[in-house]
Amino acid sequence: MRKITLWPLGAAVAALALAACSAGPTGGAASAPAPANRDVALVLGVNGSPFYEALSCGAQQEAGKLGLKVTVSAPAQFAADAQIPMVNAVTSARPAVAAIVPTDAQALITPIRQLASAGTKVLTVDQTLADPSLAASQIVTDNLSGGRMAADELAKLVGAKGPVLVITQPPGSTAQDQRTQGFEQELKKYPGLNYLGAQYQADDPQKASQIVTSTISAHPDLAGVFSTNDQGAIGAINGLQQAGATGRVKLVAYDAAAAEVAALKNGAISALVAQNPRQEGEVAMQVASSLIDGKPVNRQNLTDLVVIETGENAKADQYEYKAGC
């Protein structure tokens, strides 16, 4: 991880005074202009996530091409109270640009507003804020469309009949909320599907597993499950195994973490809705560079979103979230 070096104010003033003295009363040779601040802070959603590790790799590699110095940080939990101190630390460091994955659309508004007021240009990645005006640009996938894609795929897999369930995050994460919203909107096209509602697992696979087993106990005819992220999918796989329902109950999951790709290949998952986190990181650095250089940027930048079905192993390998840089 590259470190940002900050010069104390006193040292900076002394350096300026020394430069003025050395020029002499006649002015002397003109000094070279100070290099532009090309420091960028990348604040991820959570540490240890294959998605965010791949995003970080893409960002760091692209930053090297663009001459940016990147500092990467991530909280231990995908939660506002864990992330806000990191945003505050970025405010103190004063980079030119901060690329932030806001873990809560509302709770991150105040610290990000303070960051922007301190002179750092802000862009959001993967997630968005309830007040999008605070960000110069957003780098996202179309999560509403992703939810609709999942609903269409699950309806096809189950013959558009029977009870279906969503396993997702508690409200507050814009991406997760929109995936659920898109799924629910698209279900209106399929009157034969009985929507059992959304249940929350808070990035806890064990909780997701319990949700699946208890739902099958109450609804033995459960036809399908949609998980809005990889942690819910991993738990759902285990729950289906415990209930002896693997393959019979169709599982469609967001993301393409290694465990999900393996499960798609062995039949435990029926389809994936995959993003391209490496591309998100690359685009974030391209936007950051444009902001530093004073160039115009798009308010929103959409990245890849694809459905991967059973048997599409090459496509699954292409979109698998790989952390290695």
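Sequence positions are assigned chain by chain, starting from 1 and proceeding in written order. With pLDDT at 70 or above as the cut-off, local features in this predicted model cover only qualifying residues; side-chain atom pairs require 80 or more to be listed or tallied, and sums for whole chains, interfaces and linings still use all residues. Computation of side-chain values: all heavy atoms of the structure, hydrogens and water removed.

With that settled, consider the overall build of the protein. Of regular secondary structure, the protein possesses 11 helices and 12 strands. Residue burial in the protein is summarised as follows: out of 325 residues, 49% are buried. Contacts between residues were defined by any pair of non-hydrogen atoms, one from each residue, lying within 4.5 Å. Partitioning the contacts of the protein with sequence separation of at least 6, the portion at a separation of at least 24 is 75%. Surface accessibility follows the Shrake-Rupley procedure with a 1.4 Å probe radius. Residue values consider only the protein chains on display as shielding. Counting only carbon and sulfur atoms, one obtains 54% of the accessible surface of the protein, whose full area is about 14200 Å². Only runs of H or I of at least four residues qualify as helices and only runs of E of at least two qualify as strands under DSSP, and these elements are numbered from the N terminus. Between buried and exposed lies partly exposed: a residue is buried under 20% and exposed over 50% of the maximum accessible area for its type, with that area taken using a 1.4 Å probe on protein chains only.

Here we come to the packing of aromatic side chains. Any Phe, Tyr or Trp ring, taking Trp's six-membered ring, that has another such ring centre within 6.5 Å forms a pair; planes under 30 degrees apart are called stacked, those over 60 apart edge-to-face, and the others tilted. According to the stated counting rule, one finds 5 aromatic pairs in the structure shown. Centroid distance Phe-51 to Tyr-321: 5.3 Å. Interplanar angle 75 degrees. Geometry classified as edge-to-face. One end of the pair, Phe-51, is in helix α2 (residues 50–66); the other, Tyr-321, is in the segment after α11 (313–319), and 270 residues separate them in sequence. Side by side, Phe-51 and Tyr-321 carry an identical accessibility label, which is buried.

Strands belonging to one sheet form pairs held by backbone hydrogen bonds; the direction of such a pair is parallel or antiparallel. Taking strand neighbours across the sheet as the criterion, the 6 strands line up as β2-β1-β3-β4-β5-β11 in an open arrangement whose pairing is parallel. Of all the strands in the sheet, the pair left with one neighbour each is β2 (69–73) and β11 (300–302). Averaged over all neighbouring strand pairs, the angle between strand axes comes to 20 degrees, with direction disregarded. For two strands to be treated as a pair, DSSP must find no fewer than two bridges joining them. Summarising the sheet, strand β3 (residues 97–100) and strand β4 (residues 121–125) pair through 4 bridges and their orientation is parallel. Among the inter-strand pairings, Ile-100 is bridged to a residue of β4, identified as Thr-124. Docked against the sheet, helix α3 (residues 80–93) engages β1 (39–43), β2 and β3, running at close to 175 degrees with respect to β1. Under this scheme, a helix contributes an axis fitted over its contacting stretch, all axes are lines through C-alpha atoms, and angles between N-to-C directions fall in the 0 to 180 degree range.

Next up on the list: unusual backbone geometry. At Asp-126, a residue that is not glycine, the phi angle is positive and equals roughly 75 degrees. Positionally, Asp-126 belongs in the loop between β4 and β5 (137–140). You will see that Asp-203, though not glycine, has its phi angle at about 55 degrees, which is positive. Following the sequence through the fold, Asp-203 ends up in the loop between β7 (193–200) and α7 (205–218). Among the residues examined, Asp-203 registers a relative accessible area of 28% and is labelled partly exposed.

What follows covers the sheet that holds strand β12 (residues 305–309). Across the sheet, which stays open at both edges, the 6 strands sit in the order β7-β6-β8-β9-β10-β12 with mixed pairing between neighbours. The open sheet terminates on both sides in strands that have one partner only, identified here as β7 and β12. Geometrically, the sheet is characterised by an average inter-axis angle of 15 degrees between neighbouring strands, direction not taken into account. With 4 bridges joining them, strand β8 (residues 224–227) and strand β9 (residues 250–254) adopt parallel strand pairing. Each bridged residue has a counterpart across the sheet, and for Phe-226 the counterpart in β9 is Val-252.

Glancing now at the nonpolar core. The nonpolar core is taken to be a set of buried Ala, Val, Leu, Ile, Met, Phe, Trp, Tyr and Cys residues, with the residues joined through side-chain atoms within 4.5 Å. Counting 55 residues, the largest nonpolar core has Leu-123, Ile-269 and Met-285 as the members making the most contacts within it. With 6 residues, the single largest contributor to this core is helix α10 (residues 277–292). Setting aside residues no more than four positions away along its own chain, Met-285 makes contact with Val-40, Ala-59, Glu-62, Ala-63, Leu-66, Leu-68, Val-70 and Ala-99. One finds Ala-155, Ala-223, Tyr-254 and Leu-305 within the second-largest nonpolar core, a separate group that totals 19 residues.

To continue, consider the pattern of salt bridges. Salt bridge criterion: a side-chain nitrogen from Lys or Arg within 4 Å of a carboxyl oxygen from Asp or Glu. Evaluated as defined, the whole model comprises 9 salt bridges. Between Arg-38 and Asp-293 there is a salt bridge, with its nearest N and O atoms 3.0 Å apart. Taken together, the positions of Arg-38 in the loop between α1 (9–23) and β1 and Asp-293 in the loop between α10 and β11 put the pair 255 residues apart, joining distant regions of the chain. Here Lys-156 ties to Glu-309 by a salt bridge, and the two come within 2.6 Å at their closest N and O atoms. Taken together, the positions of Lys-156 in helix α5 (residues 143–157) and Glu-309 in strand β12 put the pair 153 residues apart, joining distant regions of the chain.

The next point concerns the side chain of Gln-169. By the element assignment, Gln-169 lies in the loop between β6 (162–168) and α6 (174–187). Judged by relative accessible area, which is 7%, Gln-169 ranks as buried. Identification of polar contacts relies on pairs of N or O atoms within 3.5 Å, with a donor-acceptor requirement for protein atoms, meaning one able to donate a hydrogen and the other able to accept it, and with residues adjacent in sequence counted only if both atoms are side-chain atoms. Polar side-chain contacts of Gln-169 include one of 3.4 Å to the backbone nitrogen of Ala-202. A distance of 2.7 Å separates a polar side-chain atom of Gln-169 from the backbone nitrogen of Asp-203. For Gln-169, the contacting residues outside a window of four places in its chain are Phe-78, Gln-176, Tyr-200, Gln-201, Ala-202, Asp-203, Thr-228 and Asn-229.

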